[in-house]
Structures are given as structure tokens and as C-alpha cells.
Amino acid sequence: MVCYDGQWYPPNNVCIKLCPALSFPNSVFECTVNGEPVSCERNMQPRTVATRTCKSGYRDESHNAPNICKDNGEWEYKHIDCYTDCGVIDRDYQSNNTEYDDLLTFPWKAGLYMKKGDSNDFEFICSATLLETGNVITAASCVKDSNGSLINSDLLRVGLGKSYMPWNDPRDIHAQKFEVTRASDGYLHALVIGNQISKFKKSLELFEPLSFIFMKGAVDLSAFTRAICIDSIGSNSKIEFLEGEIFGWDRDGNHVSYNITLYTNDYCKTLIFNLRNRDAELEKEIMEFGRFCTDRALPDTLYGSSVMYYDEGEKVFNLVGVLISVHESISIFQGLRDREASQALLHYYNNLISLVAEKQ
């Protein structure tokens, strides 16, 4: 517009308020004006229609209709980014290459690795599992050295989307690799509870044998890398003999999984105290809070791996616990096989995530 001789030219111009651009990390937007596509990444004119879908591995919990840009430059409603879609495998993905079928079935499988001496290579030390909060969970013993001290985070790495155990296996075309910023330990747990020892006593007992690994950078969720859900309400506690599945790698570095029966703590005590060859260490171990078991000795390469079950009601896979020890005929897990343990998780876990986020 130009002002000439006290008048604006061309005449009859009107300023139009534009709606802000739409861009969220977990969402995909398509925008149209009068049926014609326009960019969603620029400010948009009134009556623009925006339709949102979620990227693979995320879900839309708002269930809103397509959004419309109003004349006042505001959208009809505010978009909230898509949430992590935990515990769901991508049943729509199709490929002629069956080599990576294990990733489609267990997309939350992770590996914890440690630097090999002065080399640039890393060796596998434990299995782990990706959670919906973007970190992985493993056994606390996996992040400690032979002296019981916490391994320096700079020496640790996490591998996701890997079919094969070796760190640099060229066949792992879907692999994502991460540096580690923090591994939770007793010191970090103490920071979380502060002076609320009585409130979080059970939580500390539950988390002591576990470690949460926090990674540098965001995980790119796909059909091959997804997060598992946590059974935070203890739905499985009503099932005395719970059919579960544990997954990881064998000693040759290939994918392996086992279908196992998960027993409640009370049943495990009966099972263990009636063994023909009594094991004092095992008997002591099963008395700890949050423990449960299965009646088979699992491979040591599965240390730190999670055992899961399929919740028919919610239609999701839930993490029940983490493998922390293996004996002659019994394997011990730490986790959520009863409601008290689930309550201990809820009271503590969000505080832990928030504290780590503040310190990063």
C-alpha cells in the first residue's frame, strides 16, 4: 500500500489476522484453503482447515475434528502434541524381509553397552527396555563395575532398533545409538525422596535393584523402535500364574525370546522353600519387596531384560519386571507383580523423571 495525497492506494484494503503455523515434533499436519493444499509451517489465513495425524509410535488422545483458522487469527482449539503410543506393535507394516521381524514384535528391545578399553568400539553388557518416558530400564547390577561402583556414564551407550547384539553390526539398518547422560543409582534415589523417607520407603526398596538409563537426544519412534507400557495399576496381580514373555539376545548375538510363567511372590516362596537342594541366597532374595520368579534358569545374556505380558483389556503389552538374577532352576525378577509394588512405582517414578530433567 502507498499513501498519496492523503489517501491509501490501492483503496479498500483490509488487514487480515493470520493463524500461527502448526509444527509439533510428533505430529504431521495437512492444511487446505478452499480444498487447495497450503503450507502448515507458515502463518495461515482465516478458514484454513488443518488436519493432524500422529507419526508412527505416537497416538492422538484429543480425538478432535479438523481445526479451522478463525477470523480473529486464532485456531478453533489448541493442538496438543501426540503422545507416545506405548505397548503397541505396528501390525500394518509389511516387508518382504523377515530378517527384522523380531524388531516388529519386540520394538522396545534395547541393549546396554560399555566402551572397550581405548578403542572406539563398545561391548554388550546387558539387555534393557525402552519406556514411554524416553529412557530405558535395566538391572542396577548392569551399571556397576566389579567393585560395586557406578560406571561412568561417558563409557556407556544404548542401542535401539537392533536385531543383532554387536555394537556395529552392519546388518542393523534400523539401529539408533545413544550416549548416556545418567544412570540412576542409590544416590539419585536419595535425592528424589529428600526428607520424605517414610513416604517413599517402599519405592526405594522397589527401585534399588533397577536402574533407569537417561540418554542424550530424542528417540525416533518407528515400527522398529517403540516404547513398552508399564503396568502401573497392577492389573496382572490378580493372575496367580501369569503367562509372560522375555526377550533379548543369545550368546551368539542373535535375537531370542522365551514364553514363561510368572509366579506371585507368595507362590515363589512356596516353590523356593520346597526345592530339594535348598539355596540360602535364593531364599533370602525372594523375601525382598517387589520380587517374583519363574521356574527356569534363563540365559545370562538376558540380565536386565524385561518380562512382558499382553493385556487383553487394554490391548497393549505391559512391562511386569526386570530380570535381576538367575539360579539353578529359578530366575528372579524385580517389578510389579502385586498392587503394593505398583503403588510404590506411582509415588516415585514421575519425581525421578522430573529431577533428572532439571539436572540435564
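Look above for the structure.
Residues numbered from 1 in each chain as written. Predicted model: local features only at pLDDT ≥ 70, side-chain atom pairs only at ≥ 80, totals over all residues. Heavy atoms only, no water.

**Q** Help me understand helix 2 (residues 186-193), please; the structure alone is not making it clear to me.
**A** One turn of an α-helix holds 3.6 residues; hence residues three or four places apart share an orientation. When we look at burial in helix 2, the residues that qualify are L188, H189, V192 and I193. When helix 2 is viewed along its axis, its buried side chains cluster within an angular range of 135° and face the same direction. (Buried < 20%, exposed > 50% of the residue type's maximum accessible area, 1.4 Å probe, protein only. Helix = DSSP H or I, 4+ residues; strand = E, 2+ residues; numbered from the N terminus. Arc of directions from axis to C-beta.)

**Q** Quick question: what am I supposed to make of unusual backbone geometry here?
**A** Where the residue is not glycine, phi is negative for most of them; where a peptide bond is considered, it is trans in most cases. Unusually for a residue other than glycine, N34 sits at a positive phi of about 55°. We classify N34 as exposed; its relative accessible area is 77%. The phi angle at K315 is positive, at roughly 60°, despite the residue not being glycine. Relative to the helices and strands, K315 resides in the loop between strand 19 (306-311) and strand 20 (316-326).

**Q** Any chance you could explain the packing of aromatic side chains here in plain terms?
**A** Geometrically, a pair of aromatic rings is defined through the distance of the ring centres and the angle of the planes. Scanning all chains against the criterion turns up 13 aromatic pairs. Considering the side-chain rings of F122 and W167, the 5.4 Å spacing of their centres and the 55° angle between planes classify their relative orientation as tilted. On the criterion of sequence distance, the pair formed by F122 in strand 10 (residues 122-130) and W167 in the loop between strand 12 (156-160) and strand 13 (176-183) is long-range, its members being 45 residues apart. Residue classification places W167 among the buried residues on the basis of a relative accessible area of 7%. Of the aromatic side chains, those joined through ring pairs into one cluster are Y113, F122, F124, W167 and W249. Directly above the aromatic system of W167 lies the positively charged group of K177, at a separation of 4.9 Å from the ring centroid. Its guanidinium or amino end placed over the ring of F289, K202 lies 4.6 Å from that ring's centre, counting from NZ or CZ. (Phe/Tyr/Trp six-rings, centres within 6.5 Å; stacked < 30°, edge-to-face > 60°. Lys NZ or Arg CZ within 6 Å of the ring centre and 35° of its normal.)

**Q** Mind showing me how you'd approach the sheet that holds strand 4 (residues 36-38) here?
**A** Strands belonging to one sheet form pairs held by backbone hydrogen bonds; the direction of such a pair is parallel or antiparallel. Pairing is antiparallel across the open sheet formed by four strands, whose spatial order is 4-3-5-7. Looking along the sheet, the strands with just one partner apiece sit at the ends: strand 4 and strand 7 (67-68). With three bridges connecting them, strand 3 (residues 27-33) and strand 4 associate as antiparallel partners. Paired with V33 across the two strands is E36, which belongs to strand 4. (Pairing = 2+ DSSP bridges.)

**Q** I keep staring at the sheet that holds strand 12 and nothing clicks. Help me out?
**A** The six strands lie next to each other as 9-10-11-14-13-12, forming a closed barrel whose pairing is antiparallel. For this sheet, the mean angle separating the axes of adjacent strands, direction not counted, is 45°. Note: strand 9 (residues 109-115) against strand 10, seven bridges, orientation antiparallel. In the sheet register, M114 faces strand 10, and the bridge partner there is E123. (Axes fitted to C-alpha atoms, helices over the stretch in contact; angles between N-to-C directions.)

**Q** So what exactly am I meant to see when it comes to the state of the cysteines here?
**A** Defined simply, a disulfide is a covalent bond joining two cysteines at their sulfur atoms. Enumeration according to the criterion identifies five disulfides in this entry. In this model C19 forms its disulfide with C69; the gap between the sulfur atoms is 2.0 Å. An S-S torsion of about 95° defines the bridge between C19 and C69 as right-handed. Of this pair, C19 sits in the loop between strand 2 (7-9) and strand 3 while C69 sits in the loop between strand 7 and strand 8 (83-84), and the two are 50 residues apart along the sequence. Disulfide pairing is shown between C31 and C40; the S-S distance is 2.0 Å. Because the sign of the S-S torsion sets the handedness, a value of about 125° for the bond joining C31 and C40 places this disulfide among the right-handed ones. The pair C31 / C40 is uniform in exposure class, with both members buried. (Disulfide = S-S within 2.5 Å.)

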